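A closer look at the structure
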Amino acid sequence: MTHHSHQPDGTAAPLSPNEQPTTIRPLVEKVSPYAAPRGSLGNKQLAAFDEALIHKYSRSGPRYTSYPTALEFMPIADGLEAKILQNREARVPLSLYFHIPFCRHLCYYCACNKIITKKNSDSGDYLEYLMAEIKHKRSLLPTLEDGKNPLVKQLHLGGGTPTFLRDEELVQLWDFLQTQFEFLPEDEGDYSIEIDPRELGDNTLQTLRQLGFNRISLGVQDLEEAVQIAVNRVHSAEMIAAILDEARALGFHSINIDLIYGLPHQTPATLDNTVRRIIEMSPDRLSVFNYAHLPERFKAQRQIKDEDLPTPAAKLTMLGNTINTLTAAGYQYIGIDHFAKPDDELAVAQREGKLHRNFQGYTIMGDCDLLGFGVSAISHITNANSRYILQNDTDLQVYQDTINAITKNPKLMPAVKVIKTSIKDRLREYVIMNLLCHDYIDFKDLNQKFGIDAVTYFIDEIQALGDMQQDKLVDMDVAGIRVLPKGRLLGRNVAMVFDEYLEKKHQHRFSQVI
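Structural notes, computed from the coordinates.

What counts and what doesn't
- Residues numbered from 1 in each chain as written.
- Predicted model: local features only at pLDDT ≥ 70, side-chain atom pairs only at ≥ 80, totals over all residues.
- Heavy atoms only, no water.
- Helix = DSSP H or I, 4+ residues; strand = E, 2+ residues; numbered from the N terminus.
- Contact = heavy atoms within 4.5 Å.
- Axes fitted to C-alpha atoms, helices over the stretch in contact; angles between N-to-C directions.
- Parallel < 35°, antiparallel > 145°, perpendicular 65-115°, else oblique.
- Nonpolar A, V, L, I, M, F, W, Y, C, P; charged D, E, K, R; others polar.
- Buried < 20%, exposed > 50% of the residue type's maximum accessible area, 1.4 Å probe, protein only.
- Pairing = 2+ DSSP bridges.
- Core = buried A, V, L, I, M, F, W, Y, C linked by side-chain atoms within 4.5 Å.
- Salt bridge = Lys/Arg side-chain N within 4 Å of Asp/Glu carboxyl O.
- Polar contact = N/O pair within 3.5 Å; in protein donor to acceptor, adjacent residues only side chain to side chain.
- Phe/Tyr/Trp six-rings, centres within 6.5 Å; stacked < 30°, edge-to-face > 60°.
- Lys NZ or Arg CZ within 6 Å of the ring centre and 35° of its normal.

Observations concerning the environment of isoleucine 243
Residue position: isoleucine 243 is located in helix H7 (residues 237–250). In this structure the C-alpha to C-alpha distance between isoleucine 243 and leucine 205, which are 38 residues apart in sequence, comes to 8.5 Å. When residues no more than four places from it in sequence are discounted, the contact partners of isoleucine 243 are Pro197, Leu200, Leu205 and Leu218.

The structure is reproduced here in structure tokens:
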């Protein structure tokens, strides 16, 4: 690897045309340079809603839960996943993700990988495959020098509907994981699960808390009955409030609620009513997603009539009203579609410059390798200067056939697709993620971490941001690039400027930014 000389101020000398960025870190700063924009509660940057600018910059783009994005997946070579796991750095902690694909009811807006079934036996059968995959992958992971199992700092059950699993099956999975991994104590780790309020047993929350889960996310979407009927997801506001009350009484650290704007029969007035009722319930976090109507791609969405959907203008009004209402209620705008109370770990991490993004969205555990299990699950593993993104097959039968085959031939592995990121990719990932997490990129930090002169290296991108600077979406100077309040809702647009793959290959493959 090439070593680079440094100038008297500690910054790297410009790269020659033949040089590549590196990940050499000659100087480690104890205080993150990305803590500055929100160093204190009184110094957090609010998002400014500017309808004219949103119209001007309206386009489709990635959500950047990874860089490169999932569109760069390639078929994986035989034996590569096993080598990746075997060569993983044992000292790096793990974040575990489990995909539970089953749902008892079809929600018409849904674009997730799911299987609609009412057969309880499906979950038990699936759990056996899940544990077989866990055991196989664990057998390939290196152990720590002291002989202990790999350390887990974060765990998440997503879907689908994870609470499709019966309470005893959740206990069975959790107990099995304790034999394979070491877990941080529940007051230090981040252990979460997605919950469909309609699929929650009388004792499920108590069971989850006793196991060690400390965070839950409730899919509410809307509280208006007409909207709920139109998307086939009916539940009462009283049910949601009761779940939040029970979760607080049990001591869950953080409760998230998902809402969606742009659903059939929604109006600015009805959504505002939902948001205000949710604020009264006082969740710690909210995710407010934009409904993307793509019936040509997602069969379930064909149940939704085009004429029942709100107009683009009405959707913009909903978004503006929601941002203003949540901000007035004291929630911190994290980015893209996330809000959190100022004392929530997500908001604290952002102000301290320690927030990250991965396939689960915003996360406080950016120092972890992500290890995914189950159909369609994604892993994100770093080995020295190589980083790999892997995905299991998205078809349940193919996934189960693969797990069955592994029991006879341990050389087989469940991942079918992979991305190997280059050093250049990791540099651009670092820029994109800091823009989306902290609204800032620090040139000196880039110079020190990657052995480049950032202004020289990104001169084309800096010039491409000229219009955004003119419109006061961003501010650029010799120190770095800062996303301004008017640009926070358009952070994905700013990030896209640094995406080398986008214009070359994927201009029309993503959802609208707003």
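Overview of the packing of helix H4 (residues 167–180) against helix H5 (residues 204–211)
Helix-helix packing: each pair is described by the crossing angle between the helix axes and the interaxial distance. Running from N to C, H4 and H5 point in directions that differ by 10 degrees, and their axes come no closer than 10 Å. If you check the angle between H4 and H5, you find them roughly parallel. Between H4 and H5, the residues in contact are Asp167, Leu170, Val171 and Trp174 and Thr204, Thr207, Leu208 and Leu211, respectively. Looking at the contact of H4 with H5 residue by residue, the class counts come to 5 nonpolar, 2 polar and 1 charged.

What about the pairing of strand E16 (residues 378–383)?
By the criterion of burial, E16 is predominantly enclosed, with 6 of the 6 residues buried. Alternating positions in E16 separate into two faces, Ile378, His380 and Thr382 on one and Ser379, Ile381 and Asn383 on the other, with burial throughout. Note that E16 and strand E17 (residues 386–392) share 6 bridges and pair antiparallel. Bridge pairing in E17 links asparagine 383 to serine 386. Hairpin connection of E16 to E17: 2 residues between the antiparallel strands, including alanine 384 at a positive phi of 50 degrees.

Description of the side chain of glutamate 133
Residue placement: glutamate 133 occurs in helix H3 (residues 121–140). On the basis of relative accessible area, glutamate 133 is assigned to the buried category, the value being 2%. If we skip the residues at most four places from it in the chain, glutamate 133 touches Gly372, Phe373, Gly374, Asn392, Tyr399, Ile403 and Pro414.

Here's the deal with the sheet that holds strand E21 (residues 480–483)
Spatial ordering of the open sheet is given by E19-E21-E20, a layout of 3 strands whose pairing is antiparallel. The open sheet terminates on both sides in strands that have one partner only, identified here as strand E19 (440–442) and strand E20 (474–476). On average, adjacent strands in this sheet sit at an angle of 15 degrees to one another, irrespective of strand direction. In this sheet, E21 lies alongside E20 in antiparallel orientation, the contact comprising 3 bridges. Each residue of the ladder has a partner; that of aspartate 475, found in E21, is arginine 482. Where helix H12 (residues 423–438) meets the sheet, its contacts fall on E19 and E21, and the angle it forms with E19 comes to roughly 135 degrees.

Some details on the nonpolar core
It is characteristic of soluble globular proteins that their nonpolar side chains tend to be buried jointly. If you look at the biggest cluster of nonpolar residues, it comprises 83 residues, and the most contacted ones within it are Leu96, Phe98, Leu155, Leu177, Phe181 and Phe213. Broken down by element, the residue count for this core peaks at 7 residues, all from H3. The contact partners of phenylalanine 213, leaving out residues within four places of it in the chain, are Leu155, Leu157, Trp174, Tyr191, Ser192, Ile193, Leu208 and Phe252. Counting residues in hydrophobic clusters, the runner-up holds 42 residues, among them Leu355, Leu427, Leu436 and Val474.

Some details on the pairing of E17
Put simply, side chains in a regular strand alternate between the two faces of the sheet. Across the 7 residues of E17, 7 count as buried, placing the element largely inside the fold. A two-sided burial pattern is seen for E17, the buried positions comprising Ser386, Tyr388, Leu390 and Asn392 on one face and Arg387, Ile389 and Gln391 on the other. Pairing of E17 with strand E18 (residues 415–421), which is carried by 6 bridges, proceeds in the antiparallel orientation. Residue pairing in the sheet places arginine 387 in a bridge with threonine 421 of E18.

Some points on the pattern of salt bridges
Tallied over the entire structure, the rule returns 25 salt bridges. Note that aspartate 190 and arginine 215 form a salt bridge whose closest N and O atoms lie 2.9 Å from each other. Here the residue aspartate 190 occupies a position in strand E7 (residues 190–195), and arginine 215 occupies one in strand E8 (residues 215–221), the gap between them amounting to 25 residues. Here arginine 198 ties to aspartate 196 by a salt bridge, and the two come within 2.8 Å at their closest N and O atoms. Given a relative accessible area of 21%, arginine 198 falls into the partly exposed group. Taking the relative accessible area as the measure of exposure, aspartate 196 reaches 7% and is therefore buried. Among the charged side chains, a salt-bridge network with shared partners connects Glu81, Glu133 and Lys137.

Comments concerning helix H13 (residues 443–450)
Burial runs high along H13: 6 of the 8 residues are buried. Taken residue by residue, H13 has Phe443, Asp445, Leu446, Asn447, Gln448 and Phe450 as its buried positions. For H13, the secondary structure elements touched by its buried residues are H12, E19, helix H14 (454–457), helix H15 (459–464) and E21. At the N-terminal boundary of H13, the capping side chain belongs to aspartate 442, with an oxygen 3.1 Å from the backbone nitrogen of lysine 444. Just downstream of H13, glycine 451 is the residue with a positive phi angle, here 65 degrees.

Re the packing of aromatic side chains
Per the counting criterion, the structure on display carries 16 aromatic pairs. Summarising the aromatic geometry, the rings of tryptophan 174 and tyrosine 191 are spaced 5.9 Å apart at their centres and angled 80 degrees between planes, so their arrangement reads as edge-to-face. Note that tryptophan 174 is positioned in helix H4 and tyrosine 191 in strand E7, a separation of 17 residues in sequence. For tyrosine 191, a relative accessible area of 1% translates into the label buried. Put simply, the rings of Tyr34, Tyr430, Tyr440 and Phe450 touch in pairs and so form one group of aromatic residues. In this structure, arginine 482 is placed above the aromatic ring of tyrosine 440, and the distance from its NZ or CZ to the ring centre is 4.3 Å.

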